[in-house]
Amino acid sequence: MDITRPLLEIVTVIDTNGEVFEQEVSYDSKPQYCSTCCQLGHTCQINQQKQIIPPRVEVKKTKQVWQNKNGKEAEIRGGGKEEEGWAKVKANSASKHPEGVILEDTNTETNNGFTPLAEHTLQQMIQVALAVGLNKLYKQKELRRLITKESLTILAIIEHRVKKQNTAQIINKIVSGWNWYDNTCLDSKGRIWLVWNPRGVDVTVLQSSLQYIHCCVRDSAKNMKFEFTAVYGLHTVDDRKGLWDDLKSLETGIQDPWLVMRDFNAVLKQEDRKNGSQIQDGELRDFENFLNSTSLAEMKSVGRYYTWTNNHVYSKIDRALVNHVWLSLWPHLEVAVRDPYFSDHALLCITLTEQ
């Protein structure tokens, strides 16, 4: 629930006879919400002086049209060398000088209320599901604190609810100097951001669709290379059929370790939902058939079992799947299912360590 929205005073009700009437809502008590510091329990009475914000420097973005092996075109930003069988996509940089030089991070306060990220040990990869959106400033700051606390290098952010024209500005506030790619360049309904620190890993985006972004990840410091697919499955069984077909097609060209992770919006077992509607066989069938027809298996997990909740229904719809090559090289790696912070999805986190 968004605590920044006012509580309902009147609700519309339809009775069993089909008649519509309005019912006044009363509350035993209403919590105070402070719009100044975004906290419950008080209201700040501080007259803040207006901040003088310097004019923004417009950064020109170069755009290039690339062509994949099937002759289909897609609009991307940047350019680069090709992977075998794929067209390489150079991602956006979240903060660049007009001449193209990446700005250096410092430990000074910026005029937008953010503190730039300092250098830290780059050791983890984490997937973040943000169903509450990232348009609000305090949520952007919370995500920035999470990145610093966990020493993250690559994130897949879903359900960000940010309009395409605001993407660069918001990502720049959160992780200045990082690279990113989003799937709205191929579909306006895309809701996946892939964001990474180029000082920690090299990421080459190979393919994307409405329901996934597929890339190659290299960590030179640990001599690790693998392919990674960030997934955000659509909400109906029929809409997800295209996802299963696309993932099976991807597998035919993958020889490296492969990680497929995030929100499939699908359950796999009867016990994957609690307090909700009974799971039907049709909800399980496509996911089961997909796993049986590929070399992917569920990665060992620690922490929470359920990964999503609305505080009544609990479901396990977020997973990490890996192929046999991954399991043979890194059998010690596991996915940690952590607290959701300010989202309704749990965080899935993998620490990349050598055996």
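Residues numbered from 1 in each chain as written. Predicted model: local features only at pLDDT ≥ 70, side-chain atom pairs only at ≥ 80, totals over all residues. Heavy atoms only, no water.

Together, Leu7, Leu8 and Tyr27 make up an exposed nonpolar region whose accessible area comes to about 260 Å². Mapped onto the secondary structure, Leu8 falls in the segment before strand S1 (10-14). (Patch = residues over 30% accessible without salt bridge, like charges linked within 9 Å, V, L, I, M, F, W, Y side chains within 5 Å. Areas by Shrake-Rupley, 256 points an atom, 1.4 Å probe, with all protein chains shown as cover. Salt bridge = Lys/Arg side-chain N within 4 Å of Asp/Glu carboxyl O. Helix = DSSP H or I, 4+ residues; strand = E, 2+ residues; numbered from the N terminus.)

Turning our attention to the pattern of salt bridges. Considering all chains together, one arrives at 13 salt bridges under this definition. Lys241 is the salt-bridge partner of Asp286, the closest N and O atoms lying 3.0 Å from each other. You can see Asp286 sitting in helix H4 (residues 281-292) and its partner Lys241 sitting in helix H3 (residues 237-251), a full 45 residues away along the chain. In this structure Asp286 comes out as buried when scored by relative accessible area, which is 17%. A residue is classified by how much of its surface remains accessible, and Lys241, at 35% relative accessible area, is partly exposed. Here Arg262 makes a salt bridge to Asp318, at a shortest N to O gap of 2.9 Å. Placement of the pair is Arg262 in strand S15 (residues 258-263) and Asp318 in strand S21 (residues 318-322), with a sequence separation of 56 residues. With respect to burial, Arg262 and Asp318 carry one shared label: buried. (Buried < 20%, exposed > 50% of the residue type's maximum accessible area, 1.4 Å probe, protein only.)

When the terminal C-alpha atoms of helix H1 (residues 137-150) are compared, their 20 Å separation across 14 residues agrees well with the 20 Å that a helix rising 1.5 Å per residue should span. Phi turns positive one or two residues past the end of H1, at Ser151, with a value near 55 degrees. (Expected span 1.5 Å × (residues − 1).)

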